[in-house]
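Letter by letter, the chains look like this.
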Amino acid sequence: MRGTVGAVARTVLVVGGFVALFGGIVTLAYPPLLSGYVGSSGLEGTRGTGPSVTSLFGPTLFASLKAIIWGMTTVAAGLAIPGRSSKRLLGEQPFTRRQRVMTLLGAALVVGLPNGIDLAVRFGVGSIGLFAAAVLLTLVGVVLVVLGTSGGLKYQPQARQNS
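As the structure is a prediction and not an experimental result, all values here were calculated from the model. (Residues numbered from 1 in each chain as written. Predicted model: local features only at pLDDT ≥ 70, side-chain atom pairs only at ≥ 80, totals over all residues. Heavy atoms only, no water.)

Undergrad: Would you mind showing me how to read the packing of helix α4 (residues 97-122) against helix α5 (residues 128-152) here?
TA: Any two packed helices are characterised by how steeply their axes cross, that is the angle between the axes, and by the distance between the axes. At a minimum axis distance of 7 Å, the contact between α4 and α5 shows a crossing angle of 155°. By the angle between their directions, the pair α4 and α5 is classed as roughly antiparallel. For the crossing formed where α4 meets α5, the hand is left-handed. Classifying every residue of the contact of α4 with α5 by side-chain character gives 16 nonpolar, 9 polar and no charged. (Axes fitted to C-alpha atoms, helices over the stretch in contact; angles between N-to-C directions. Helix = DSSP H or I, 4+ residues; strand = E, 2+ residues; numbered from the N terminus. Parallel < 35°, antiparallel > 145°, perpendicular 65-115°, else oblique. Left-handed = near helix turned anticlockwise from the far one by under 90°. Nonpolar A, V, L, I, M, F, W, Y, C, P; charged D, E, K, R; others polar.)

So this is what it looks like as structure tokens:
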């Protein structure tokens with residue numbers, strides 16, 4: 001049962017990560033798709049709201065980049081989840097325990113830490129030290145995700161069997 005739960009969680013995270021990744025890519029290529037969301041979320045600029053905020057370096061750029069980064073991180077974290085199942089789900093990747101821990105801890109730092117800092121800033125805790133620590137830990141998370149994922153996804157061809 002535990003292996004099936006891991007396989008389902010892995011499949012859901014990978015599919016969700018790809019949806020976020022492709023959504024970020026599409027909205028980066030065509031910013032008017034995201035301008036309605038950005039205009040209503042409080043991220044609008046001082047020049048106006050709605051379709052007038054669809055320049056290349058407007059608030060839609062940051063929302064699209066955020067979706068791309070979260071999508072890639074979610075896919076990496078999903079691939080690191082252990083679990084085997086007899087059902088037609090995404091197969092388990094050959095990660096070692098160390099690589100799994102590195103990838104999942106790095107994903108928590110990359111995705112979770114900026115959200116926690118954002119909530120702290122919104123509730124009035126604003127300091128340069130907090131921001132610097134968050135940036136440093138997020139960069140450490142990126143390195144952990146890259147090292148863990150690149151080590152766990154090495155291609156290992158199987159020997160051909162002659163029949």
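Next comes the rest of the description.
Undergrad: For this particular structure, what's the right way to read the nonpolar core?
TA: One broad rule of soluble globular proteins: the nonpolar side chains tend to lie buried together. Counting 5 residues, the largest nonpolar core consists of Val14, Val75, Leu79, Ala80 and Phe95. Ignoring sequence-local partners within four residues, the contact set of valine 14 consists of Val75, Gly78, Leu79 and Leu90. (Core = buried A, V, L, I, M, F, W, Y, C linked by side-chain atoms within 4.5 Å. Buried < 20%, exposed > 50% of the residue type's maximum accessible area, 1.4 Å probe, protein only. Contact = heavy atoms within 4.5 Å.)

Undergrad: Could you clarify how one ought to interpret the confidence of the model for the protein chain in this entry?
TA: Should pLDDT be low for a region, the predicted coordinates there are not to be read in detail. Averaged over all residues, the pLDDT of the protein chain is 77; the fraction at 70 or higher stands at 77%. Across residues 41-48, where pLDDT falls below 50, the model places 8 contacts with residues more than four positions away in sequence or in other chains. (pLDDT = per-residue confidence, 0-100.)

Undergrad: Which parts of the structure should I look at to understand a nonpolar patch on the surface?
TA: Judged by side-chain polarity, Val8, Val12 and Leu89 come together as a nonpolar surface patch covering roughly 230 Å² of accessible area. Assessed through its relative accessible area of 31%, leucine 89 is described here as partly exposed. (Patch = residues over 30% accessible without salt bridge, like charges linked within 9 Å, V, L, I, M, F, W, Y side chains within 5 Å. Areas by Shrake-Rupley, 256 points an atom, 1.4 Å probe, with all protein chains shown as cover. Salt bridge = Lys/Arg side-chain N within 4 Å of Asp/Glu carboxyl O.)

Undergrad: Just checking my understanding: could you explain the packing of aromatic side chains for this structure?
TA: By convention here, two paired aromatic rings are described through the distance between centres and the angle between planes. In total, this model carries 1 aromatic pair according to the counting rule given. Consider the rings of phenylalanine 18 and phenylalanine 22, whose centres lie 5.8 Å apart with planes at 20°: the pair is stacked. Taken together, the residues phenylalanine 18 and phenylalanine 22, both in helix α1 (residues 2-29) and 4 residues apart, mark about one turn of the helix. We classify phenylalanine 18 as partly exposed; its relative accessible area is 35%. (Phe/Tyr/Trp six-rings, centres within 6.5 Å; stacked < 30°, edge-to-face > 60°.)

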